[in-house]
Structure formats: structure tokens, C-alpha cells
Amino acid sequence: MTNAAHPFDALMDITARPSTVFVRGEGSFLWDETGKRYLDFVQGWAVNCLGHSPPEIAEALTAQAKLLLTPSPAFYNAPSLKLAKALVDYSCFDQVFFTNSGAEANEGAIKLARKYGALHRNGAYEVITFEGAFHGRTLATMSASGKKAFEPLFEPKVSGFPKAQLNDLASVARLINDKTVGVMLEPIQGEAGVWPATDRFLRELRTLTREHGLLLILDEIQTGIGRTGKLFHYEHAGIEPDIMTLGKGIGGGVPLAALLATAAASCFEHGDQGGTFNGNPLMCAAGLAVLQRVSDPDFLKSVVDTGLYLESELQRMSARHGLGDVRGRGLLLALDLKHPIGASIVAQAFEEGVLLNSPQPDALRFMAALNVTREEIVGMIDCLDTILTKMGAARRVA
């Protein structure tokens with residue numbers, strides 16, 4: 001028997017991590033075991049929508065933990081009923097199935113679409129997805145994703161996911177055949193580098209899918225729960241999808257996600273879908289606390305205003321350093337670096353106590369808490385400005 005020589009060795013080595021160990025978080029800040037403070041513009045990949053350890057979530061979890069953790073998904077519990085009803089009331093959907101992760105929600109959406117195809121479209125099972133998409137890390141969601149790094153992994157893949165080009169309606173139309181049951185996409189492709197589907201494209205896609213009797217499935221795991229300035233991104237385009245998935249921000253830091261569907265699309269039968277921890281009252285209590293805060297119109301307006309401020313500051317800095325455009329919406333933004341310097345910037349910012357993300361070598365992605373302050377934005381911009389100035393000077397010397 002071999003024991004791990006270091007605590008780090010006990011965890012599977014699935015990603016490059018710095019040796020820093022974080023021990024505490026509050027709002028936009030994290031502290032490591034040495035007491036060093038970090039300004040966080042990653043927030044668990046858009047998970048901590050209210051920042052680290054917000055009081056309302058801590059209080060909701062504490063109160064619920066004293067009452068009931070889980071009675072089993074074979075029984076109703078009050079928090080899951082309340083959260084499901086609230087999500088239905090705020091959206092265009094009729095029913096909700098809770099999951100533990102976004103990948104699990106997307107897996108459920110794919111299963112629901114295939115069930116719909118079996119019942120209503122002569123066994124149609126193909127779901128058109130998009131190049132550059134990221135839908136999760138289960139076998140089916142990796143297959144649905146259009147991420148090049150996934151292509152050689154874990155073969156054979158799950159079949160049935162032809163790929164179209166984002167914002168190219170003709171590329172979608174060419175893939176439709178008698179095997180097609182739906183179209184699935186992220187309104188903004190986050191992992192690809194924050195590439196938005198245009199509102200016009202979403203509207204045209206809704207029209208196209210309706211003309212062919214297909215389901216429109218929106219993966220709002222990163223864009224939902226106020227991230228783009230509306231509670232759900234589809235509201236920007238003025239459309240109503242048939243199925244939507246939520247994750248990340250809906251739990252505000254705890255493992256909670258959801259699959260939502262219209263009455264027409266909700267065709268699961270008993271035994272088709274389930275999960276031991278799905279809809280447990282502890283996680284749903286946190287989700288209720290998040291939704292109560294984020295659904296407030298004044299809160300959503302503040303996301304829009306803060307997002308515009310961050311966007312303008314990034315544009316000004318980009319102009320100073322000869323970089324590219326700022327993409328995205330609300331508080332899901334990316335800066336085009338024009339050069340493959342993202343990893344270097346992230347590493348330097350980390351040393352300076354600022355957490356940034358580079359989903360692609362030539363882009364930085366910003367996923368601050370939805371209640372981030374302008375002062376915190378200035379702090380991040382100042383750090384990034386200093387790094388870019390040093391890098392520019394180094395390039396000129398070289």
C-alpha cells in the first residue's frame with residue numbers, strides 16, 4: 001500500500017494548480033493560508049454570483065441544516081418545491097428537475113430531447129450543437145461540445161451531435177434531417193473565449209426550429225441567474241426556448257443546477273430520470289436565497305451598470321496597449337489580447353494578488369461577483385494595466 005507523501009498527492013492530478021491553499025473568502029476576496037489576500041475576478045468560474053460566503057447563503061444553509069438535509073428524492077421537500085415554483089414563475093417554463101452540476105443538467109436536457117424524439121418525432125435523436133461549444137464533462141456532454149481538445153478523448157464518443165457554426169443560420173439548416181430532434185447552444189460561448197450568439201441569430205434560430213418542429217435548448221449555465229443583466233439571457237432576444245439548463249450562479253457557491261422545460265417538452269416518465277442528491281433541501285435553500293436577491297430589478301440594473309463600467313474600463317485599457325475588442329454582456333466579458341499571452345498575464349496577476357482567467361491563449365475572461373464594486377474593478381484594472389505595461393516594454397526591448 002502506497003500513501004501519498006504530501007497532501008497534494010492525495011488528489012488526482014487533473015489540472016495545473018498553484019501550491020497556494022485558500023482558506024477563507026468574503027465578497028470579492030480570497031485569503032490563503034499565509035494570510036495573503038487575492039482580488040477574485042474568476043469567482044469559481046462565474047459560480048459565486050454574490051461573492052464568497054455571502055451572509056444570506058450562509059444563513060440559509062445553517063437554518064436548513066438544522067431542519068432537514070435530505071429526505072431522499074423519492075419524497076417532496078419544501079425548499080425544492082419553493083425554488084421550482086419560483087423558477088417557473090420567473091421564466092417561460094413549466095417544470096423543473098434539479099441536479100448537482102451543469103453537466104448533469106445538460107445530460108438531462110439531451111435525454112429529455114431524445115425521449116421527446118422517441119415519442120413525437122419517429123425516434124429522432126440528433127441534437128445540433130456548435131463548434132466551440134462547451135456543455136460539460138460527461139461522455140454525452142463532451143460529445144455535444146465543440147471543444148477541439150475533447151476530440152481525441154474517451155473514444156468512442158456518443159453519436160448524434162452534428163456541429164454548426166455560431167451565428168450562421170444556414171449552417172444549422174443544412175444539418176436538419178429526419179433524425180434531428182433539437183438544437184442546443186450557449187447564448188454566449190464562455191470556454192471558447194466569450195463569443196456571443198447575436199440576438200438576431202437567436203430569434204432566427206427560434207423561428208427555424210419552430211418551422212421544423214424541433215426543440216430549442218439553451219445552455220444558460222454560465223449566462224443565467226443575472227450574469228448578463230437579465231435573470232435569463234434568452235430575455236435579451238425576446239424568445240422562449242423549449243428547454244433551458246441552469247448551474248453555476250443558481251447555487252451561489254453550492255452544487256446546484258437545474259433543467260427547465262415547457263409542458264410540451266416535459267415528457268420524462270417514471271424511472272427515466274433521477275439522482276440521489278437531486279433537489280435536496282440544503283442546496284435548494286441556498287438557491288432560494290440566491291434567487292430572492294438576484295431577481296430584484298434593482299439588483300439586475302446594477303449588474304447592467306457595473307458591466308458597462310467594466311466594459312468601458314477594459315476598452316480604455318485595450319486602446320492604451322493596442323489590444324483587441326471587448327466581448328460579452330453584463331458581467332461576462334472577455335478582452336481580446338491579440339497575442340497568446342493570456343497564461344503569462346494570469347500567472348503574473350496571481351503573484352500580485354489578482355485572480356484572472358484565460359480560457360484561450362489570446363483572451364482574458366472576467367467573471368466577477370455580480371455585486372462587485374467599482375473600486376474593486378479599478379483595483380483589477382490597475383493590476384492588469386501594470387502587467388501589460390511591463391510586457392509591452394519587454395517586447396520592445398526584445
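Residues numbered from 1 in each chain as written. Predicted model: local features only at pLDDT ≥ 70, side-chain atom pairs only at ≥ 80, totals over all residues. Heavy atoms only, no water.

J.: Provide a residue-level description of the side chain of Thr306, including the pertinent values.
T.: Along the chain, Thr306 turns up in helix H10 (residues 297-321). Note on Thr306: relative accessible area 10%, which makes it buried. Those residues in contact with Thr306 that lie beyond four places of it in its chain are Leu331, Val372 and Ile377. (Helix = DSSP H or I, 4+ residues; strand = E, 2+ residues; numbered from the N terminus. Buried < 20%, exposed > 50% of the residue type's maximum accessible area, 1.4 Å probe, protein only. Contact = heavy atoms within 4.5 Å.)

J.: Please provide a residue-by-residue account of the sheet that holds strand S3 (residues 37-40), values included.
T.: Pairing in this open sheet of four strands is mixed, and the strands run S1-S2-S3-S15 from one edge to the other. Here the strands that pair on one side only, and so sit at the sheet edges, are strand S1 (22-26) and strand S15 (354-355). As paired strands, S1 and strand S2 (residues 29-32) are joined by four bridges and run antiparallel to one another. When the bridges of S2 are listed, Phe22 appears paired with Asp32. (Pairing = 2+ DSSP bridges.)

J.: If you had to explain a nonpolar patch on the surface to someone new, which residues and values would you point to?
T.: Nonpolar side chains collect at one region of the surface, where Leu139, Leu153 and Phe154 lie side by side and expose about 280 Å² of accessible area between them. The topology assignment puts Phe154 in the loop between helix H5 (139-144) and strand S6 (163-164). (Patch = residues over 30% accessible without salt bridge, like charges linked within 9 Å, V, L, I, M, F, W, Y side chains within 5 Å. Areas by Shrake-Rupley, 256 points an atom, 1.4 Å probe, with all protein chains shown as cover. Salt bridge = Lys/Arg side-chain N within 4 Å of Asp/Glu carboxyl O.)

J.: Outline the nonpolar core, listing residues and values.
T.: Leu185, Val294, Ile345, Leu356, Phe366 and Met380 are the most contacted members of the largest nonpolar core, which has 81 residues in total. Counting residues per element, this core draws most heavily on helix H12 (residues 374-397), which supplies eight residues. Ala140, Leu215, Leu259 and Ala261 belong to the second largest nonpolar core, which has 19 residues in total. (Core = buried A, V, L, I, M, F, W, Y, C linked by side-chain atoms within 4.5 Å.)

J.: Go over the sheet that holds strand S13 (residues 326-329) with me, naming the residues and quoting the values.
T.: On the basis of which strands lie adjacent, the open sheet formed by four strands has the order S13-S14-S17-S16 and antiparallel pairing. Where the open sheet ends on each side, the last strands, each with one partner, are S13 and strand S16 (357-360). Here the strands of the sheet are splayed against their neighbours by 30° on average, with no regard to which way each runs. Where S13 lies against strand S14 (residues 332-336), four bridges are found, and the strand directions are antiparallel. Residue pairing in the sheet places Arg329 in a bridge with Leu332 of S14. Of the strands in this sheet, S13, S14 and strand S17 (363-366) are in contact with H10, which crosses S14 at around 5°. (Axes fitted to C-alpha atoms, helices over the stretch in contact; angles between N-to-C directions.)

J.: So what's going on with the environment of Tyr309? Which residues, and what values?
T.: Within the secondary structure, Tyr309 is located in helix H10. Judged by relative accessible area, which is 18%, Tyr309 ranks as buried. For the pair Tyr309 and Ile176, spaced 133 residues apart in sequence, the C-alpha separation works out to 41 Å. Setting aside residues no more than four positions away along its own chain, Tyr309 makes contact with Arg374, Ile377 and Val378.

J.: Lay out the packing of helix H2 (residues 55-65) against helix H9 (residues 281-294) with the relevant residues and their values.
T.: Relative to each other, H2 and H9 sit at 150°, their axes nearing to 8 Å. For the pair H2 and H9, the crossing hand works out as right-handed. For the pair formed by H2 and H9, the contact residues are Glu56, Ile57, Ala60, Leu61, Gln64 and Ala65 on the first element and Pro281, Leu282, Met283, Ala285, Ala286, Ala289, Val290 and Arg293 on the second. Taken together, the residues that form the contact of H2 with H9 break down as eleven nonpolar, one polar and two charged. (Left-handed = near helix turned anticlockwise from the far one by under 90°. Nonpolar A, V, L, I, M, F, W, Y, C, P; charged D, E, K, R; others polar.)

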